[in-house]
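# An overview of the molecular structure
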Amino acid sequence: ATPVAIMVGTGKGASNGILIKSAEALETAHTVNTVVLDKTGTITEGKPKVTDILTTGLAAEKELLTVAASIEKPSEHPLADAIVEKASELGLVLKTVDRFDSVSGQGVVAVLNGKEYFAGNRALMDSKQVDISSLRSACDSLAENGETPLYFAQGQNLLGVIAVADVVKPTSRQAIEEFKAMGIDVVMLTGDNKRTAEAIRRQLHIDRVVAEVMPQDKESEVRRIQESGKKVAMVGDGINDAPALARADVGIAIGAGTDIAIESADIVLMKSDLLDAVTAVQLSKAVIRNIK
Ligand code: ADP
Ligand code: MG
C-alpha cells in the first residue's frame, strides 16, 4: 500500500481505539483466514465468580471455602481471586500458609498448619493421586454448563470442589459471527478443561476449540495451524499468550491485558472489544482495495 493509504488506515484505526503498530500489520491483516482466540480475558471478561460449592463431607462448606481461600490467597490467578473474594464476601477469616507453590497450567500446592493441600484441575489431582470419583459426575455436569470445577484436597483426600464461571463479554458473540461471515475460521485456545471449553464453543458457534493447552504450548498450536497453510491472527491478553501473539501472522492484544501481551502484539485493542479485531481486518481490506 502507499504511505498515504497506510497513514489513512492507521489514523482511522487510532480514532476507533485500534492501535496499529506497523504498516506491515495493516497490510497483512487482510490475508488472515484463521483467527485464534484466547478464552479467559479475551472472549470472557476474565473475572470469574464462584457459582457452586460441593463438599465430600470431610469439611463443611464454610470450612472448605476458608481453607481454599487461604491456600489461593498468594496466587495471582483470576480463579484464585474469585475464591478469595467469595470468602471475603462471607466474612471468613483466612489463615496464612507456611508454603506456596504454583503448578503451571494446573493449580497450586500449599502447606497450611503443617498439612499439605492441593488446589487445581483434574490433571493436578491425578498427578497427586487424589481420588475424585465421588464428585466426578457432579463436576462433569457443572462443566457441561460452562462452569470450571476446581478441586481441593488435603493430601490424597478430596475435600470438595468449588466451581467458578466467567461471563462472556457482550460483543464476543457478534465478533465471532462477523469473522465467520468474512470466511475466517474461528478457533478458541484455552487452558481450561475440555468439557467447559466445549460448552462455550457450542454457545458461541466457534468452529473449533483446543482445550487443556499448557501455557507454554499456545505458540506451538499457532505454529501448527500456520504449517497447515493458514494465515493466522491471534487475539489474547495474558502473559501466556505473548509468545503466540509474536508467532502469529498478526498478533492482536486486548488493551486491558498484560504489558507483555501488548508489547508482543502488532495491533492493540484499546477498548478491549473483540469487535475491534473485526474492524482491524476490515480496515486492512479497505487499505489494500484502495491501492489496487
Ligand atoms: P487459562 O487461565 O487460560 O484457563 P491456565 O494455564 O492459567 O489457563 O490454567 C489452566 C487451568 O489450571 C485452570 O483452568 C485451572 O483449572 C487450573 N489452575 C490454574 N491456576 C489455578 C489456581 N490458582 N487455583 C486452582 N486452579 C488453577
Ligand atoms: Mg487470557
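What counts and how
Residues numbered from 1 in each chain as written. Chains lettered and ligands numbered in written order. Predicted model: local features only at pLDDT ≥ 70, side-chain atom pairs only at ≥ 80, totals over all residues. Helix = DSSP H or I, 4+ residues; strand = E, 2+ residues; numbered from the N terminus. Rg over C-alpha atoms; globule rule 2.2 N^0.38 Å. Buried ≥ 20, exposed ≤ 12 C-beta atoms within 10 Å, placed from the backbone. Contact = placed C-beta atoms within 7 Å. Pairing = 2+ DSSP bridges. Axes fitted to C-alpha atoms, helices over the stretch in contact; angles between N-to-C directions. Core = buried A, V, L, I, M, F, W, Y, C linked by C-beta atoms within 7 Å. Near = placed C-beta within 6 Å. Domains from an automatic or database assignment. Nonpolar A, V, L, I, M, F, W, Y, C, P; charged D, E, K, R; others polar.

- Per an unreviewed UniProt entry, the protein goes by the name Copper-exporting P-type ATPase and belongs to Caproiciproducens faecalis.

## Regarding the overall build of the protein
- A tally of regular secondary structure across the protein gives 13 helices and 13 strands.
- Over its C-alpha atoms the protein spans a radius of gyration of 21 Å, differing by no more than 12% from the 19 Å that the globule rule assigns to 292 residues.
- Projected onto the principal axes, the alpha-carbon positions of the protein cover approximately 70 × 30 × 30 Å.
- Expressed as a percentage of its 292 residues, the buried residues of the protein come to 45%.

## A word on the environment of Ala211
- Within the secondary structure, Ala211 sits in the loop between strand S10 (208-210) and helix H10 (218-227).
- Separated by 151 residues in the primary sequence, Ala211 and Ala60 have C-alpha atoms spaced 32 Å apart.
- Residues within four places of Ala211 in sequence aside, it is in contact with Thr190, Asp192, Asn193, Lys194 and Ala197.

## A closer look at the sheet that holds strand S5 (residues 107-112)
- Spatial ordering of the open sheet is given by S3-S8-S7-S6-S5-S4, a layout of six strands whose pairing is antiparallel. Here the strands that pair on one side only, and so sit at the sheet edges, are strand S3 (49-55) and strand S4 (99-103). Across this sheet, the average inter-strand angle for adjacent strands is 20 degrees, counted without regard to direction.
- With seven bridges connecting them, strand S7 (residues 148-154) and strand S8 (residues 157-165) associate as antiparallel partners. Bridge pairing in S8 links Pro149 to Ala163.
- Across the face of the sheet, helix H5 (residues 78-89) comes into contact with S3, S7 and S8 while running at roughly 75 degrees to S3.

## Section: the nonpolar core
- Ranked by internal contacts, the top residues of the largest apolar core, which has 49 residues, are Val36, Ala233, Met234, Ile252 and Ile267.
- For this core, the element with the most residues is helix H13 (residues 275-291), which contributes six residues.
- In contact with Val36, not counting residues within four places along its chain, are Val187, Leu189, Val222, Ile225, Val232 and Met234.
- Grouped together as the second largest cluster of nonpolar side chains are 35 residues, Val50, Ala110, Cys139 and Ala163 included.

## Points about the site of ligand 1
- Inspection of the region around ligand 1 gives 19 residues, with His77, Gly105, Gly107, Asn121 and Gly191 positioned closest.
- When residues of the shell around ligand 1 are sorted by domain, at least three fall in each of domain 1 (3-45 + 168-291) and domain 2 (49-165).

## Description of the domain arrangement of the protein
- According to the domain assignment, the protein contains domain 1 (3-45 + 168-291) and domain 2 (49-165).
- Of note, the centres of domain 1 and domain 2, computed from C-alpha atoms alone, are 32 Å apart.
- Residue-level contacts link eleven residues of domain 1 with twelve residues of domain 2.
- Per-element accounting of the side of domain 1 that touches domain 2 gives the leading share, five residues, to helix H9 (residues 194-204).
- Grouping the constituent residues of the side of domain 1 that touches domain 2 by class yields four nonpolar, five polar and two charged.

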